[in-house]
Structures are given as C-alpha cells and as structure tokens.
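Listed below are the residues making up each chain.
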Amino acid sequence: MTARQLDGLSRGEGDAETLAGLVRSERSHRLLALDLVMDVLTARDGVAAPLPAPERAWSLLAAAQRYAPEAVQELLDLPETGLWVGQLLNRLYRPVTSELPLWADVGHLHCLAAAAAVRAGLDFTFPVPCISGRIDLPTLGQIRLPQGAPEETAVLAGRGGLVTATSLSGVVRLPTALHRSAPGWRPLHRAEVRLPGDMKVGFILDDLSRHRIAPPPNGAAQRMAPKTAEELAALLRTGCDLLVKSDAVWIPTVAALLRSVQPMRAHEAFRVRSASSDHAMGGFALSWPDSELACAAAVAHELQHSKLSALAHLFPLLEESAGPQQLFYAPWRDDPRPLRGMLQGIYAFTGVTRFWWGRTRLPHGEYEQLAWFEFALWRDQLAHVLPTVREAPELTETGRRLLEGLSSTVAGWSADAPRDGATRAVVRLAERLAVDHRVLWRLHHVRPCPSHVKRLATAWLDGAEPVLPGRRSLRAEHALWHLDARAVLTRMAVADPMALDKLRNLPDGEEVPGVTGAMRADLLWAAGESSAAEQRYLRSLVAGTAPPSAWAGLRLTLEESGRAPHAVHALSSVPELVSALADRVRRRTGTPADPVELAQWVGQRPADEG
C-alpha cells in the first residue's frame, strides 16, 4: 500500500484502487487462516468423523475451482465463511462450550466444498453435516430434511446437474433452477444495487446461515417471505443510492465491500441495530431501518468497520498491553470502550458524519434539519473524543497516522453551519445533546470517592463552602441504559413533530412507549415544555425515585431558563458528585436537599473534570 493510499484510508476515504487492494489483502488473509485451519485439523486424527477427513473436502473444493474459479472465489470471500473460520480457530485453540459437536462445526468445510461442486456442475457424492434437519449450502441456500438426530450426516450427490440430499430421515431433490423454492429447498435471497456508471453490485440477504454476525436472540436467522425480502432489498437499494449521492467517495466503497446483509428484527425508531465482525469483510447484520436515511447511515457505518478491519489485518494499529486496558468515553455507546473499540467506533462514525455532512450540502429538501442535527451531533462528539484517544500510548505509528487523518477530516467540518435561523437552532440543540450524553455517561460510570462525598455532605450541612475532590474512579457498567433517549425524542421532533404529538396524547404514564429509557419528563422537554419537564425532574429527585437521567434533564432545563448557572456548571462537570451528595444528605438527615440549591452550592467551586 502506498503512502497516498494509506493517507486516503486514514481520512476515512479510499479510492477504487485502494479498496481493490484491501479486498486482495483480505483474500490473502482468509487463505492464510484457512491454511492454518487445515494444518490444525490434519494434525488431529478423526476430528471430522463421521464425515470424511478435512483433506477430502479440500480436494473437492480444489476440483470445483478448476471448473468454476469465480464461484469458489465467492465462497471464500463470503463474510459467513470468514465468521466460520474465525469461530473455528477460536474453538480449536481455546476450547469453548458449544452445543454443536466439533465434527459438525468442522463439517462446514464439507458444506463449502459441496456448494462449490454444485456450482461447478461436477458429478460427485459427498457426506455433509445435517444439523436439526438442515444442510447449509453457502451462496445457494438451505436443504430441509425431516429431522432425525440433532446432528447427523447426509449425503449430497450431483449427477448430470441434478442434486439430491439423502439422510436416514428422507430424501430431498433440489430444483434445477436453484434460485427457486421447492419442497425441502430454501434458496438464499439475492439482490443488487446500481451505482453511477451503470455499475451493478450484487449481494446476499442471508436469513439462513448458522453463522450469524449478531448473536441470538437479536441475530437469530428468521426466514423472510419473498415479498419481505424484496422490500428490504428495495430499502437497501434506496439507502445506497442516498449514500453515494451524498458523497462520491462512497461509490468505490459500496462497489468493493458490499457482499451480504443478515436481517435482524426491527427495533425502535431512530435506533437501527447493526453489527459487523473483523472476520466478515463486506457483511453486516441490520435491523429493519425505519427510513431510507437510517438505512444509508447504517450501511456507511458498517462498511467503514469492514474497511478498518481489513486495514488492521495489514498494519497493526495498536500494541497489546500487558496491564489493564484503559477505558474511554464512547459517545455512540452506553458503556466505556477499550482502545480497539474506540478506533472502530471513531472510524465508523466519521463515515456516518460524512454521510450527514453530504446531505447538508444537497439542495434544500425533506429532512434537511434532521441532516444538520445528525451532522452537528456526531461532529461535536468526534471532536470531543479524538484528542484523548490520540494520546493513547498503545497506538502504533499507523494507528497515530490514522487518528491524525480522521482528526483532520473532522476539523475540516468545523466551520460548516446552516444559513437559516431555524436550522441553526437545531444545530445548537444537537450540541447541547452531545453534552447531555456525556453527563449521562458520567452519572452511570464515574464514581466519586465515598470519603470525599462524606466530607462534602458535612460541609453542606454545616453551611461551609464546598471543597471539591479531584479523585474519582471509573466503574464500567455494561447494561443497556439507552442514554440516547432524549436524542431520539429530539429526532422525532425534528423529523416528524406529529409523531411526538401522538406520544404526548397517550395516557400520562411515566415511561414513553416505543422509546426505551425515555421518561415523561423527557417527552415534555423534547416537545418544548421545559418548565413542565423541570417540575417533573425535580419531583422525582426530591422523592428519591429518579433515575440518573433526571439530573441530566434538570441541567438541560436550568440551562434553557438561564437561572442557577453554578448548578448548570456542577451538573455539566461533576454530575456524579451532585447525585452522590444528594443521596448522602438524604441518608444522614432523612430529608432531601433541594436539588437546584445543592447543585448551585457544588458549582461555586471549579472542579477537575477528569
């Protein structure tokens, strides 16, 4: 890779030549991993029994390659093949508990070989694993036999273009047109997107494979009806079209990397779930997007992950540390992340921000304010975390070069601003919600020293001035807190105010239906009823029933009203200290302190914001 190509990738970009090189390098990486698998399996006698030895499967794969090299290449490039290789190597080197016998796991190699033989039109007879009555033929589909044992063998045979599968439980004859459904046969759904220049990119909608990027239950394979598959394919086509129209840099990315999408169940509005794997370049899992724009942003996100994973296979980005891993604030997550996760997140969200930036530069149209909101939010968050991550001592020279390039890209967006006042207000709202997320994160993960909180409570009760401690600890909680709840409500308000009105007209419950983690006070705040929201936040804080998010919500409403600036400062810089102090005072006196007065008192002194 040339210096120019590496610089392009470090900016989050990459031209066609660079991405073609990444694809070639990833193929080499995949073949090396397969070679390692074969070395380990060959050294273990009977590891595939009752199936033939792995060398037999490899020989069949090699025979198919002589007649259908492109088909075999597609099988080897398949993201699901990379997933299987990575999972099997992990199992071979680090024994793990699995419901699947090792021989059946190894037997996926036999399924790959059999699929290659079918696609090459070979005459063959070959045993394959049949798991719960199912035989996977990667890139083709799945055979469904009457289930006998949970794991058994079946014989796949090809003669003159006709393929049959036989087990002790029954026989299935595959149709001559393998893209059509038939009794006992489920073909994979295939789709394509069209890019400028009449370029067509085919990909698989994989709702069958056992090898899932996202684990169950969210990532479990569920068969889609043909109409449903076409609707998802249409959504992905439109999403990719929006993506490449936002910035031409996405054209070579989609063309080179898009290979397979594993559908997941739909999630909540503005909360698309997606996932990728270091082992599965070009593949990702995706919950049903609630809009074409959300689909485009998710595709950008996951293809960036694939790009960086392939680059990391060529050039190490960080050195492994023997000591405990440093954890960082990740604005796109509820939990703290290690350095490796931060690199992936920063790279992915630079891509997401690029997409929204491109949308803001298009002629005025639908969802313009939403585009500015998303762009401003992620630009601000990236600018916040990049300086800290760039100082990590574990970074290699290439890792530092990567972060310098990404920092340059983000800095290049700093001056972008909308012209009209209404959209500028949306940008300011995004910047405030970026701070809101940081405050929420601190409330959940940062803990002040108990002895310091005790001394501070004594000072409060004695009427003395506060002395703010500088020492705090990070406690990583990996639960889902949905720290983005207020941002989701704001997106609703920006994109479709009617949707927010419908939520407000629902019975006055404490939780907001369809927006997990949001409370009624959050809904009132997002709807512009800041005073009513503040009263709800205060009531819950005084009653001692408030979740941590109420402190952050109070900060937002106080900031909007312009009163109690010291309280706003305290709830911005040391919210965890205010929350812990309020709990301590309640326990000592049996009565709650006024939340605003307490925060105002703490905010009289500057705090170390570490």
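See the structure shown above.
Thresholds, definitions, all that
Residues numbered from 1 in each chain as written. Predicted model: local features only at pLDDT ≥ 70, side-chain atom pairs only at ≥ 80, totals over all residues. Heavy atoms only, no water. Helix = DSSP H or I, 4+ residues; strand = E, 2+ residues; numbered from the N terminus. Rg over C-alpha atoms; globule rule 2.2 N^0.38 Å. Buried < 20%, exposed > 50% of the residue type's maximum accessible area, 1.4 Å probe, protein only. Contact = heavy atoms within 4.5 Å. Areas by Shrake-Rupley, 256 points an atom, 1.4 Å probe, with all protein chains shown as cover. Lys, Arg positive; Asp, Glu negative; His and termini not counted. Charge placed at Lys NZ, Arg CZ, Asp CG, Glu CD. Phe/Tyr/Trp six-rings, centres within 6.5 Å; stacked < 30°, edge-to-face > 60°. Core = buried A, V, L, I, M, F, W, Y, C linked by side-chain atoms within 4.5 Å. Disulfide = S-S within 2.5 Å. Polar contact = N/O pair within 3.5 Å; in protein donor to acceptor, adjacent residues only side chain to side chain. Pairing = 2+ DSSP bridges. Expected span 1.5 Å × (residues − 1). Axes fitted to C-alpha atoms, helices over the stretch in contact; angles between N-to-C directions. Parallel < 35°, antiparallel > 145°, perpendicular 65-115°, else oblique. Nonpolar A, V, L, I, M, F, W, Y, C, P; charged D, E, K, R; others polar.

K.L.:
It is not clear to me how the overall build of the protein chain should be interpreted in this structure. Could you clarify?
P.N.:
Helix and strand content of the protein chain: 23 helices and 14 strands. Expected size for 610 residues packed as a compact globule is a radius of gyration near 25 Å; at 28 Å, the protein chain falls within 12% of this value. When its C-alpha atoms are laid out on the principal axes, the protein chain stretches across 90 × 55 × 55 Å. Counting over 610 residues, the protein chain shows a buried share of 55%. Counting contacts in the protein chain only where the partners sit at least 6 residues apart, residues at least 24 apart contribute 69% of the total. Summed over all atoms, the accessible surface of the protein chain reaches about 26300 Å², with 52% contributed by carbon and sulfur. Separation of charge centres in the protein chain, based on 67 positive and 68 negative side chains, amounts to 2 Å.

K.L.:
What should I look at first to understand the packing of aromatic side chains in this one?
P.N.:
Any pair of aromatic rings gets described here by the distance separating the centres and the angle formed by the planes. Evaluated as defined, the whole model comprises eight aromatic pairs. On the numbers, 5.4 Å between centres and 70° between planes, the contact of Trp460 with Trp601 is edge-to-face. Residue Trp460 is located in helix H15 (residues 450-462), and its partner Trp601 is located in helix H23 (residues 595-602); the two are separated by 141 residues in the primary sequence. Residue classification places Trp601 among the buried positions, given a relative accessible area of 8%. Grouped by ring-pair contacts, the aromatic residues Trp357, Trp372, Phe375 and Trp413 constitute a single cluster.

K.L.:
Sorry, what's going on with the nonpolar core here?
P.N.:
Soluble globular proteins tend to bury their nonpolar side chains together. With 135 residues, the main nonpolar core has Ile346 and Leu489 as its most contacted residues. Here this core takes twelve residues from helix H12 (residues 368-390), the largest share from any one element. Discounting residues that sit within four places of it in the chain, Ile346 has contacts with Trp332, Leu382, Val385, Leu386, Val389, Leu403 and Leu406.

K.L.:
I tried to follow the side chain of Arg491 on my own but got confused; where do I start?
P.N.:
Within the secondary structure layout, Arg491 lies in helix H16 (residues 485-495). The exposure class of Arg491 is buried, given its relative accessible area of 6%. Other than its neighbours up to four places away in sequence, Arg491 contacts Phe270, Leu370, Phe373, Glu374, Leu377, Trp378 and Asp496.

K.L.:
Explain the state of the cysteines here, please?
P.N.:
Disulfide: a covalent bond formed between the sulfur atoms of two cysteine residues. Within the structure shown, the criterion is met by zero disulfides. Unpaired in terms of disulfides, Cys240 finds its nearest cysteine sulfur in Cys295, a separation of 6.6 Å.

K.L.:
It is not clear to me how unusual backbone geometry should be interpreted in this structure. Could you clarify?
P.N.:
For residues other than glycine, phi is negative in most cases, and the peptide bonds are mostly trans. Of note, the bond from Ala49 into Pro50 is cis; its omega dihedral lies within 30 degrees of zero at 15°. Of the consecutive residues Pro216 and Pro217, the connecting peptide bond is found in the cis state with omega at 5°. The backbone phi angle of Asp198 is positive, close to 55°, even though this residue is not glycine. Relative to the elements of secondary structure, Asp198 occurs in the loop between strand E8 (189-195) and strand E9 (199-205). Classification of Asp198 as exposed rests on a relative accessible area of 58%. Although it is not a glycine, His482 adopts a positive phi angle of roughly 55°. Looking at the secondary structure, you find His482 in the loop between strand E14 (472-474) and H16.

K.L.:
Can you walk me through the side chain of Gln142 in this structure?
P.N.:
Along the polypeptide, Gln142 turns up in strand E3 (residues 141-144). There is a polar contact of 3.3 Å between the side chain of Gln142 and the side chain of Arg144. Of the polar contacts made by the side chain of Gln142, one reaches the backbone oxygen of Leu208; its length is 3.3 Å.

K.L.:
What is the right way to look at the pairing of E9 in this model?
P.N.:
Here is the key point about a regular strand: its side chains alternate between the two faces of the sheet. Two strands pair when backbone bridges link them, and E8 and E9 are joined in this way by seven bridges, in the antiparallel orientation. When the bridges of E9 are listed, His189 appears paired with Leu205. Hairpin connection between E8 and E9: a loop of three residues separates the two successive antiparallel strands, and Gly197 in this loop has a positive phi of roughly 85°. Alignment of E9 against strand E10 (residues 260-264), held across two bridges, turns out to be parallel. Bridging across to E10, Ile204 finds its partner in Ser260.

K.L.:
What is the right way to look at helix H19 (residues 530-543) in this model?
P.N.:
Note that an α-helix has 3.6 residues per turn; residues three or four places apart therefore point the same way. With 14 residues, H19 extends 20 Å from end C-alpha to end C-alpha; this agrees with the ideal 20 Å at 1.5 Å per step. Residues Ser530, Ala533, Glu534, Arg536, Tyr537, Leu538, Ser540 and Leu541 constitute the buried set of H19. The elements touched by buried residues of H19 are H16, helix H18 (520-526), helix H20 (549-561), helix H22 (575-589) and H23. Gly544 lies just past H19 and shows a positive phi near 80°.

K.L.:
Can you walk me through the sheet that holds E8 in this structure?
P.N.:
Across a sheet, strands are paired by hydrogen bonds formed along the backbone, either parallel or antiparallel in direction. Strand order in the open sheet formed by five strands is E8-E9-E10-E12-E11, and the pairing between neighbours is mixed. Taken across any chain shown, the strands that pair with only one partner, and hence form the sheet edges, are E8 and strand E11 (274-275). When E11 meets strand E12 (residues 283-287), the two strands line up antiparallel, connected through two bridges. Its bridge partner being in E12, Ser274 is matched across the sheet by Leu286.

K.L.:
Would you mind showing me how to read the packing of helix H21 (residues 565-573) against H23 here?
P.N.:
Angle between the axes and distance between the axes are the two parameters that describe a pair of packed helices. As a packed pair, H21 and H23 sit with axes 7 Å apart at the nearest point and diverge in direction by 80°. On the basis of the axis angle, H21 is roughly perpendicular to H23. Where H21 abuts H23, its residues Pro565, His566, Ala567, Ala570 and Leu571 lie against Val596, Ala599, Gln600 and Val602. Among the residues making up the contact of H21 with H23, the classes are represented as seven nonpolar, two polar and no charged.

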